[in-house]
Amino acid sequence: MTGRAEQGGPETVRPSRSGARQASPGRIRLKRAGMMALRTLGSLAVTFLGLLIITFLIGRVLPIDPVLAAVGDRAPADVYDRVYHEMGLHLPLYQQFFDYVMRVFQGDFGTSVLTSRPVLDDIVRVFPATLELATIATILGVLLGVPMGVLAAVHRGRWPDHCVRVLGLFGYSLPVFWLGLVGLLLFYMKLDWVGGPGRLDAAMEDFFEPVTGLILVDALLQGDMEVFRNAVSHITLPAALLAYFSLAYIARMTRSFMLEQLAQEYVLTARVKGVSEARVIWRHALGNVMVPLITVIALSYAHLLEGSVLTETVFAWPGLGSYITSSLLNADMNAVLGGTIIVGGVFIGINLLSDLLYRLFDPRARR
Amino acid sequence: MTDLTSAAPLLEVEDLRVHFHTPRGAVEAVRGLSFTLGRERLGIVGESGSGKSQTGRAILGLTAGNGRITAKTLRFQGQDLLSLSPKQWRAVRGARMSMIMQDPKYSLNPVMTVGDQIVEAYRQHHRVSAAEARLRALAMLARVKIRDPERVFATYPHEVSGGMGQRIMIAMMLIPEPDLIIADEPTSALDVTVRLQVLAILDDLVRERGMALIFISHDLPLVSSFCDRILVMYKGRVVEDLKASELHAARHPYTQGLLGCLPKLDQRQETLPVLRRDPRWEHGTLEEVTR
């Protein structure tokens, strides 16, 4: 061998972005984190503004007269005009938009025609129901769906794979209202294993004073185990149903991500090192699967947080989905737009969260 | 390490075959390969698809899922590799034989730090504390001529260059001190400027620890300068087995053809000769094809 390079040649750790090698790594990291937070906040603000523009325009474009909706179609012309002015509809559009934004930031989404209560109060009442359901469903979906997807990929083409695929196919093709009704018929009516529709037994609902609106949390905080057990028995079926759908999706995606990762060279490297197959799969490959999987889980969670109208209807679950739907059917525009802003805000929040998780799981995203 | 040169050879391969079952029928990637290896540096050369990489993987028992290995003999340090359980395999891989892969961009786990990956390789076979494994890994990084081991230890693979990645790969695969190292095109993905430097590091470590080396490459001059002995593979078979120093006296027309295709600096050639393949090369013995 000729050309022995004692001097080690070009030493090549790529310099960090700031290029300031002398500064302590801690300070660089802090500065970078600060910059990143600012950038994220900026893009959040822009996205939220876009959301407000869209909801505002929808409110103006739809052929629903907000004045008529408020005063009714038999109100005299002078009442109509007065309300028209009170609502600021005579002002130029940009002025209206500015007022709208200011009101939204004060938490004022207007009054719901349907419930004659402030929209925000309504949302504060219905959103926790959806949040509770969506969160439990997503946790179950991830805890079961990810291992199932991994097993399917590892045993590709053999029975675990077929089981997961058939299960996933059912999850994709069965209509939720049918499955919900059959579930209620079997587990509630016939077997009496679970509570029926609603979040609590009717008798209990009257006595229970919600704090956060998340009944499971409230019951635990108040140490009321009877309410807690009752709430669990009511949420089990709808949560299991939604979990099944998100499980089907998460398992399918995990399977395909896993197959892709198991074919990568670093997996072979790990095997060459003598690493156990379990560690190859659950540490090496799954560590890389988590990166794209975050997006999938976040999307599935955000989708559930919109409120699943059909599930909420079947189980008489007073959530966001049924609230927005009934508002829409009754042309209650304030409620619809308020709900839309909440759903949009939830999406923005989930996106932010998945961005942060991305940085946690993927070192390549940290720059 | 016991000296095995005098006793049984380190690795005995007889009639090794690797089949792949594909939807379009079985493909035989390695067709009856035989050789024995002592504590020497053996080069395996051949063009793409000649089965040289599959030979390396078959020796490590890491043929892909749809492949099947058969052999009359596949023995490593007197141990029959064909009858090993997965658990026994794990005690062999890494600890006693290991492999350096082609491109560190793909062969290092992107979401684990360099240090964690080296420590993992060491602790897989040595019961030591995390702190001691870390010290070992830092020392090993220094051995592959990485100047600032502490810093590199904490980096992720995407933060290092190809040459450095390959030195990390060497450190990771040599840290458990295996007896046999298979290097599968270890420098093909690297810039020409760092290629020699990485090879020099590998060469040093292999010599110093008295390891056997199987060097898989398509680069005939490189292999001949780096190895003691050369196997020339063509379509899944060894067509010629010769000492590196006697490469110029190669008898097989395929080897001669490969040598003839190389441009020479001291002679002006308008056109380089193209390899004219003879169907007899696929099955014939050396004697048959040179007749």
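Residues numbered from 1 in each chain as written. Chains lettered and ligands numbered in written order. Predicted model: local features only at pLDDT ≥ 70, side-chain atom pairs only at ≥ 80, totals over all residues. Heavy atoms only, no water.

Per an unreviewed UniProt entry, chain B carries the name Peptide/nickel transport system ATP-binding protein and comes from Novispirillum itersonii.

An unreviewed UniProt entry annotates chain A as Peptide/nickel transport system permease protein originating from Novispirillum itersonii. In its Subcellular location (unreviewed entry) section, the UniProt entry covering chain A states "Cell membrane". According to the UniProt record, the Sequence similarities (unreviewed entry) comment for chain A reads "Belongs to the binding-protein-dependent transport system permease family." (UniProt positions renumbered as here; feature names shortened; annotations may be inferred.)

1. Details of the UniProt feature "domain: ABC transmembrane type-1" (unreviewed entry) in chain A
This chain's UniProt record puts "domain: ABC transmembrane type-1" (unreviewed entry) on residues 127-358 of chain A. With 80% helix and 0% strand, the stretch residues 127-358 of chain A has end C-alpha atoms that lie 27 Å from each other. (Helix = DSSP H or I, 4+ residues; strand = E, 2+ residues; numbered from the N terminus.)

2. What to know about the pairing of strand 2 (residues 25-37) of chain B
Residue and element names in this part refer to chain B. Where strand 1 (residues 11-22) and strand 2 come together, 10 bridges link them in antiparallel fashion. Among the inter-strand pairings, His21 is bridged to a residue of strand 2, identified as Ala26. Linkage of strand 1 to strand 2, two consecutive antiparallel strands, is achieved through a turn of two residues. (Pairing = 2+ DSSP bridges.)

3. Looking at the nonpolar core
Residue and element names in this part refer to chain B. In this structure, Phe35, Ile168, Leu180 and Ile214 are the most contacted members of the largest nonpolar core, which totals 94 residues. The greatest single-element share of this core, amounting to eight residues, is contributed by helix 7 (residues 162-174). If we ignore the near neighbours within four places in the chain, the residues touching Ile214 are Leu11, Phe35, Leu37, Leu42, Ile44, Ile59, Leu180, Ile181, Ile182 and Ala183. (Core = buried A, V, L, I, M, F, W, Y, C linked by side-chain atoms within 4.5 Å. Buried < 20%, exposed > 50% of the residue type's maximum accessible area, 1.4 Å probe, protein only. Contact = heavy atoms within 4.5 Å.)

4. With respect to the interface of chain B and chain A
Across the boundary between the two partners, chain B contributes 48 residues, which contact 36 residues of chain A. Summed over the shared surface of chain B and chain A, the number is three salt bridges. Our count for the contact surface shared by chain B and chain A stands at 12 residue pairs in polar contact (both at pLDDT 80 or more). Elements with a minimum of two residues in the side of chain B that touches chain A: strand 7 (97-100), helix 3 (104-107), helix 4 (114-123), helix 6 (149-153), helix 7, helix 8 (192-209) and helix 9 (220-226) of chain B. Take the side of chain B that touches chain A: its biggest share by element is six residues, from helix 8 of chain B. Residue composition of the side of chain B that touches chain A, grouped by class: 23 nonpolar, 12 polar and 13 charged. (Salt bridge = Lys/Arg side-chain N within 4 Å of Asp/Glu carboxyl O. Polar contact = N/O pair within 3.5 Å; in protein donor to acceptor, adjacent residues only side chain to side chain. Nonpolar A, V, L, I, M, F, W, Y, C, P; charged D, E, K, R; others polar.)

5. Some words on helix 14 (residues 320-329) of chain A
All names here are of chain A. What helix 14 keeps buried is the set Leu320, Gly321, Tyr323, Ile324 and Ser327. Viewed along the axis of helix 14, the buried residues span an arc of 165°, placing them on a single side of the element. Its buried side turned inward, helix 14 meets helix 5 (119-154), helix 12 (277-305), helix 13 (309-314) and helix 15 (333-361). Count one or two residues on from helix 14 and you reach Ala331, which has phi positive near 55°. (Arc of directions from axis to C-beta.)

6. Some words on the UniProt feature "transmembrane region" (unreviewed entry) in chain A
Residue and element names in this part refer to chain A. The sites that carry the UniProt feature "transmembrane region" (unreviewed entry) are, in the present numbering, residues 37-58, 133-154, 166-189, 231-251, 285-304 and 335-358. Helix and strand shares over residues 231-251 are 100% and 0% respectively, and the end C-alpha atoms of the span are 28 Å apart. With 100% helix and 0% strand, residues 285-304 has its two end C-alpha atoms placed 28 Å apart.

7. Considering the side chain of Lys273 of chain A
Residue position: Lys273 of chain A is located in the loop between helix 11 (265-272) and helix 12. With residues up to four places along the chain from it excluded, the contact list for Lys273 of chain A reads Arg93, Gly94, Gln117, Glu120, Ala121, Gln124, His125, Met172 and Met173 of chain B.

8. Concerning the side chain of Asn109 of chain B
The residue Asn109 of chain B is located in the loop between helix 3 and helix 4 in this model. There is a polar contact of 2.8 Å between the side chain of Asn109 of chain B and the side chain of Asn288 of chain A. Residues contacting Asn109 of chain B, with those up to four places away along its chain left out, are Tyr266, His284 and Asn288 of chain A together with Gln117 and Pro157 of chain B.

9. Re the UniProt feature "domain: ABC transporter" (unreviewed entry) in chain B
As recorded in UniProt, the feature "domain: ABC transporter" (unreviewed entry) lies at residues 11-260 of chain B. The distance from the first to the last C-alpha atom of residues 11-260 of chain B is 32 Å, and the span holds 38% helix and 27% strand.

10. Side note on the environment of Ala212 of chain B
Residues and elements named next belong to chain B. Structurally, Ala212 is set in strand 9 (residues 212-217). In this structure Ala212 comes out as buried when scored by relative accessible area, which is 0%. Taking the C-alpha atoms as reference, Ala212 lies 7.8 Å from Leu37; in sequence the two are 175 residues apart. For Ala212, the residues in contact, after removing those within four places along its chain, are Leu10, Leu37, Gly38, Arg39, Glu40, Asp179, Leu180 and Ile181.

11. A few points about the sheet that holds strand 10 (residues 229-234) of chain B
All names here are of chain B. One open sheet holds the six strands; their spatial order is 7-8-9-3-10-11, and the pairing between them is mixed. Bordering the open sheet on either side are strand 7 and strand 11 (237-243), each of which pairs with just one other strand. Ignoring strand direction, the axes of neighbouring strands in this sheet form an average angle of 20°. Here five bridges tie strand 3 (residues 41-45) to strand 9, and the two strands are oriented parallel to one another. Considered in strand 9, the bridge of Val45 is made with Ser217. Across the sheet, helix 8 touches strand 3, strand 7, strand 8 (180-184) and strand 9, and the angle it forms with strand 3 is around 140°. (Axes fitted to C-alpha atoms, helices over the stretch in contact; angles between N-to-C directions.)

12. Points about the packing of aromatic side chains
The full count for this structure, using the stated rule, is eight aromatic pairs over all chains. With a centroid separation of 4.9 Å and 50° between ring planes, the pair formed by Phe215 of chain B and Phe226 of chain B is classed as tilted. Of this pair, Phe215 of chain B sits in strand 9 while Phe226 of chain B sits in helix 9, placing them 11 residues apart in sequence. The same class applies to Phe215 of chain B and to Phe226 of chain B, which are both buried. Aromatic rings pair up to connect Phe56, Phe97 and Tyr100 of chain A into one cluster. A cation over a ring is seen here: Arg134 of chain B above Phe153 of chain B, with NZ or CZ 4.9 Å from the ring centre. (Phe/Tyr/Trp six-rings, centres within 6.5 Å; stacked < 30°, edge-to-face > 60°. Lys NZ or Arg CZ within 6 Å of the ring centre and 35° of its normal.)

13. Here we look at the confidence of the model for chain B
Residues and elements named next belong to chain B. This prediction gives chain B a mean pLDDT of 88; 97% of its residues lie at or above 70. Mean pLDDT values for the elements of chain B range from 74 in helix 11 (residues 286-290) up to 95 in helix 4. Confidence over residues 1-6 falls short of pLDDT 50; this stretch has eight contacts with residues more than four positions distant or in other chains. (pLDDT = per-residue confidence, 0-100.)

14. Topic: the pattern of salt bridges
Across all of its chains, the model carries 29 salt bridges over all chains by this definition. Residue Arg199 of chain A is joined to Glu132 of chain A by a salt bridge in which the shortest nitrogen-to-oxygen separation is 2.8 Å. Placement of Arg199 of chain A in the loop between helix 7 (176-190) and helix 8 (202-205) and of Glu132 of chain A in helix 5 is noted, with a sequence separation of 67 residues between them. For Arg199 of chain A, a relative accessible area of 8% gives the class buried. Residue Glu132 of chain A is classed as buried on the basis of its relative accessible area, which comes to 7%. A salt bridge links Asp204 of chain B to Lys145 of chain B, with the nearest nitrogen and oxygen atoms 3.8 Å apart. Linking Asp204 of chain B in helix 8 with Lys145 of chain B in the loop between helix 5 (130-143) and helix 6, this pair joins segments that are 59 residues apart in sequence. Each of Asp15, Arg17, Glu28 and Lys72 of chain B takes part in one network of salt bridges that share partners.

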